[in-house]
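Each chain is listed here by its residues.
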Amino acid sequence: MSLTAGVVAVQGDVSEHAAAIERAARAHGEEPDVREIRTAGIVPECDVLLMPGGESTAISRLLDREGIAPEIVAHVEAGKPMLATCAGLIVASTDPQDDRVDELGVLDVTVERNAFGRQKDSFEAPLDVTGLDEPFPAVFIRAPVVSDVGPDVEVLATWEEYPVAVRQGPVVGTSFHPELTGDSRIHDLAFFEATPQTA
Ligand code: GLN
């Protein structure tokens, strides 16, 4: 079977995400067609979507300018899976607490940009994640903190009491980068183990 996966490709780790999607898909007998998203018209062809890290202001500006933002909202409203990581999580949120970010509002969380950065810019931590048997090696890079979650949001992992992996329906958000360690279990969780919770 073929699976079409779109990766928002404004900036950031597109090739690492593509590799992780390919590994996760093949484990499920799917041969993925990974598309890079820079213009409108591609998202509607995608079965699953990935919003990578980078700079949330730049990503949200491009999504608006190119008319991609409403396509992503429609993708989520249709119940199709999306994984939003780091800056992607900020853009997907309902409240990025920053006027320079034009949020998509598809994940009911409040985030604080660069909140860990005040203590430590980047770090790696073994993370217990709901649904994974072994800790996940989570790489945090100028990561946001999730400071509040809505009633329909399931917290999948916390670090120092902050939610750092969440799920709401078809959307999984992580404040860390799951594509950097060769471990594709988060991509697997988001795209192939999607069991939208009922509130
Ligand atoms: N600090 C970035 C932002 O606020 C996110 C960093 C990242 O994606 N690694 O947009």
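About the criteria used
Residues numbered from 1 in each chain as written. Predicted model: local features only at pLDDT ≥ 70, side-chain atom pairs only at ≥ 80, totals over all residues. Heavy atoms only, no water. Helix = DSSP H or I, 4+ residues; strand = E, 2+ residues; numbered from the N terminus. Buried < 20%, exposed > 50% of the residue type's maximum accessible area, 1.4 Å probe, protein only. Contact = heavy atoms within 4.5 Å. Areas by Shrake-Rupley, 256 points an atom, 1.4 Å probe, with all protein chains shown as cover. Lys, Arg positive; Asp, Glu negative; His and termini not counted. Charge placed at Lys NZ, Arg CZ, Asp CG, Glu CD. Near = heavy atom within 4 Å. Polar contact = N/O pair within 3.5 Å; in protein donor to acceptor, adjacent residues only side chain to side chain. 1 Å grid on protein atoms, 1.4 Å probe; cavity = no way out; pocket = protein on both sides within 12 Å on 5 of 7 lines; lining within 4 Å. Sits in = over half its atoms within 2 Å of the grid points. Nonpolar A, V, L, I, M, F, W, Y, C, P; charged D, E, K, R; others polar. Patch = residues over 30% accessible without salt bridge, like charges linked within 9 Å, V, L, I, M, F, W, Y side chains within 5 Å. Salt bridge = Lys/Arg side-chain N within 4 Å of Asp/Glu carboxyl O. Phe/Tyr/Trp six-rings, centres within 6.5 Å; stacked < 30°, edge-to-face > 60°.

Visitor: Could you give me a rundown of the overall build of the chain, with the residues and numbers involved?
Guide: Across its full length, the chain holds five helices and twelve strands. The buried share among the 199 residues of the chain stands at 53%. Long-range pairs, those at least 24 residues apart, make up 68% of the contacts in the chain between residues at least 6 apart in sequence. By element, 45% of the accessible surface of the chain is carried by carbon and sulfur atoms, the whole surface being about 8500 Å². Between the averaged position of the 14 positive side-chain charges in the chain and that of its 35 negative side-chain charges there is a distance of 6 Å.

Visitor: Now, about the site of the ligand: what can you tell me, with residues and values included?
Guide: In the vicinity of the ligand, the contacting residues are Gly-53, Gly-54, Glu-55, Ser-56, Cys-86, Ala-87, Ile-90, Arg-113, Asn-114, Ile-141, Arg-142 and His-177. Measuring from an oxygen atom of the ligand, one finds a side-chain N or O atom of Ser-56 at 2.7 Å. Expressed as a share of its isolated accessible area of 300 Å², the protein-covered part of the ligand is 97%. The pocket occupied by the ligand, as judged from atoms lying within 2 Å of grid points, is the largest pocket. Per-class residue counts for the shell around the ligand are four nonpolar, five polar and three charged.

Visitor: For unusual backbone geometry, give the residues involved together with the corresponding values.
Guide: The phi dihedral of Arg-142 falls on the positive side, at around 40°, and the residue is not glycine. Position of Arg-142 among the secondary structure elements: in the loop between β8 (136-141) and β9 (145-149). For Arg-142, a relative accessible area of 38% puts it in the partly exposed group. Positive phi is not limited to glycine here, since Glu-161 has a value of about 75°. Relative to the elements of secondary structure, Glu-161 occurs in the loop between β10 (154-159) and β11 (162-168).

Visitor: Explain a negative patch on the surface to me, using residue names and the numbers behind them.
Guide: On the surface, Asp-64, Asp-95, Asp-102, Glu-103 and Asp-148 cluster together into a patch of negative charge. Of note, Asp-102 is situated in the loop between β5 (93-95) and β6 (107-112). Exposure remark for Asp-102: the relative accessible area of 42% places this residue in the partly exposed category.

Visitor: Please provide a residue-by-residue account of the packing of aromatic side chains, values included.
Guide: The final tally for this structure, using the stated rule, is four aromatic pairs. Of the aromatic side chains, those joined through ring pairs into one cluster are Phe-123, Phe-136, Phe-140, Trp-159 and Phe-176.

Visitor: Got a sec to walk through the environment of Arg-185? Specific residues and values, please.
Guide: Positionally, Arg-185 belongs in helix α5 (residues 185-191). In this structure the C-alpha to C-alpha distance between Arg-185 and Ala-20, which are 165 residues apart in sequence, comes to 8.5 Å. Residues within four places of Arg-185 in sequence aside, it is in contact with Leu-132, Glu-134, Pro-135, Phe-136 and Pro-137. Within the local environment of Arg-185, its side chain forms a polar contact with the backbone oxygen of Pro-135, the two atoms lying 3.0 Å apart.

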